[in-house]
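Secondary and tertiary structure notes
So the chains spell out like this:
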Amino acid sequence: MTDAAALPGRPRGGILSGPATLRAVNVLAPNASAMTLDGTNTWVVSEPDSRSAVVIDPGPLDEGHLRAVVDAAAKAGKRVALTLLTHGHPDHAEGAARFAELTGTKVRALDPALRLGDEGLGAGDVVEVGGLELRVVPTPGHTADSLCFHLPADRAVLTGDTVLGRGTSVVAHPDGRLGDYLDSLRRLRSLTVDDGVHTVLPGHGPVLEDAQGAVEFYLAHRAHRLAQVETAVEDGYRTPGEVVGHVYADVDRSLWPAAELSVRAQLEYLEEHGLI
């Protein structure tokens, strides 16, 4: 989910559907909207010489899309062996149970309510399938259950809604919290600095080939918005709706409900830190 259109200075990339790295292929769901950009990116990830694949975020409950994901794996000579979820929003996870039926796979997620099978996902976990290695990176903030998956062999990170290929992500208050989100962005920045991650495989929008630039942009954008919200409150805009109308005046009104979620998170953050 995004709360704004593409902004000046935003690192850009390409590839909306098809191979994005040596190991990751995107199957784009047909659910484009102001909130989902071009649609949900469902990722089929595998080692080139393996017959087993992992699918990340099957997407909405759309039979045609779910079967297209199975077909994409089959055309590459792969069998889907496991399904993973970055978080529980319907545009990423609603189709997971049906996809599990189609593929006979388990579904692993941080939230126990989303799992099919005994295993969940958590900090420090490493998912290994057919020689593929995915490292679980907890990234709460967009939602409490948000995860990213580090794909070290491709120096890439699959970010769900934590970092998008275009625009900026909503901090979905009250489940999402701004302080957590900022910590998560710093965690991702460490991956780009310490682990050489250079590619972002997002949950929506095109692939980004400057991971560090993308994360730095997100941190700067959040600092800028937070300062704007603080100033708006000082100027007498009190309610979240009033703040949105003032701070997000240049944003499409269809996105204001999402922007209000982020503003509520920002106001909570400012209150907790004694800044308003």
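Source: prediction; values computed, not measured. (Residues numbered from 1 in each chain as written. Predicted model: local features only at pLDDT ≥ 70, side-chain atom pairs only at ≥ 80, totals over all residues. Heavy atoms only, no water.)

Comments concerning the packing of helix α4 (residues 178-194) against helix α5 (residues 211-234)
Running from N to C, α4 and α5 cross one another at 155°; their axes reach a closest spacing of 9 Å. It follows from the interaxial angle that α4 and α5 lie roughly antiparallel. Between α4 and α5 lies a crossing of left-handed hand. Residues Leu178, Tyr181, Leu182, Leu185, Arg186, Leu188, Arg189, Thr192 and Val193 of α4 lie in contact with α5, whose contacting residues are Ala211, Gln212, Val215, Glu216, Tyr218, Leu219, Arg222 and Leu226. Residues belonging to the contact of α4 with α5 are distributed by class as follows: eleven nonpolar, two polar and four charged. (Axes fitted to C-alpha atoms, helices over the stretch in contact; angles between N-to-C directions. Helix = DSSP H or I, 4+ residues; strand = E, 2+ residues; numbered from the N terminus. Parallel < 35°, antiparallel > 145°, perpendicular 65-115°, else oblique. Left-handed = near helix turned anticlockwise from the far one by under 90°. Contact = heavy atoms within 4.5 Å. Nonpolar A, V, L, I, M, F, W, Y, C, P; charged D, E, K, R; others polar.)

Some words on the environment of Val233
Within the secondary structure, Val233 sits in helix α5. In this structure the C-alpha to C-alpha distance between Val233 and Glu271, which are 38 residues apart in sequence, comes to 11 Å. In contact with Val233, not counting residues within four places along its chain, are Arg238, Val243, Leu267 and Ile276.

Section: the sheet that holds strand β6 (residues 79-84)
What the six strands build is an open sheet, ordered β2-β3-β4-β5-β6-β7; its pairing is mixed. Edge positions in the sheet fall to β2 (18-19) and β7 (107-108), since each has one partner strand and no second. Across three bridges, strand β4 (residues 41-45) lies against strand β5 (residues 52-56) in antiparallel orientation. In the strand pairing of β5, Val44 is matched with Val55. Sitting on the sheet, helix α1 (residues 63-75) is in contact with β3 (24-28), β4, β5 and β6, with an inclination near 155° to β3. Strand contacts of helix α3 (residues 96-103): β5, β6 and β7, with the helix running at about 155° to β6, the strand carrying the most contacts. (Pairing = 2+ DSSP bridges.)

A few points about the confidence of the model for the protein chain
Here the protein chain shows a mean pLDDT of 94. Residues at 70 or above account for 95%. Overall, residues 4-9 carries pLDDT values under 50, and its contacts beyond four positions in sequence, including any with other chains, amount to 13 contacts. (pLDDT = per-residue confidence, 0-100.)

What to know about the nonpolar core
Counting residues in each nonpolar core, the largest one holds 38 residues, and the members touching the most others are Val163 and Tyr248. Those elements that provide at least two residues to this core are α4, α5, α6 (240-247) and α7 (256-272). Take this core: its biggest share by element is ten residues, from α5. Grouped together as the second largest cluster of nonpolar side chains are 21 residues, Ile56, Phe149, Leu158 and Leu201 included. (Core = buried A, V, L, I, M, F, W, Y, C linked by side-chain atoms within 4.5 Å. Buried < 20%, exposed > 50% of the residue type's maximum accessible area, 1.4 Å probe, protein only.)

What about the pattern of salt bridges?
Within this structure, the stated rule accounts for twelve salt bridges. The salt bridge partner of Glu101 is Arg98, with a shortest N-O separation of 2.9 Å. On the criterion of helical spacing, the pair formed by Glu101 and Arg98 is a turn pair, its members being three residues apart in helix α3. The salt bridge partner of Glu216 is Arg189, with a shortest N-O separation of 3.5 Å. With a gap of 27 residues between them, Glu216 in helix α5 and Arg189 in helix α4 connect regions that are remote in the sequence. One salt-bridge network, held together by shared partners, links Glu63, Arg67, Arg98 and Glu101. (Salt bridge = Lys/Arg side-chain N within 4 Å of Asp/Glu carboxyl O.)

A closer look at the packing of α1 against α3
Orientation of α1 relative to α3, taken along the N-to-C sense of each, is 45°, at an axis distance of 10 Å. Our classification of the angle between α1 and α3 gives oblique. Crossing of α1 over α3 shows right-handed handedness. Together, Glu63, Leu66, Arg67, Val69 and Val70 of α1 and Arg98, Phe99, Leu102 and Thr103 of α3 make up the contact between the two elements. In terms of residue class, the contact of α1 with α3 is made up of five nonpolar, one polar and three charged.

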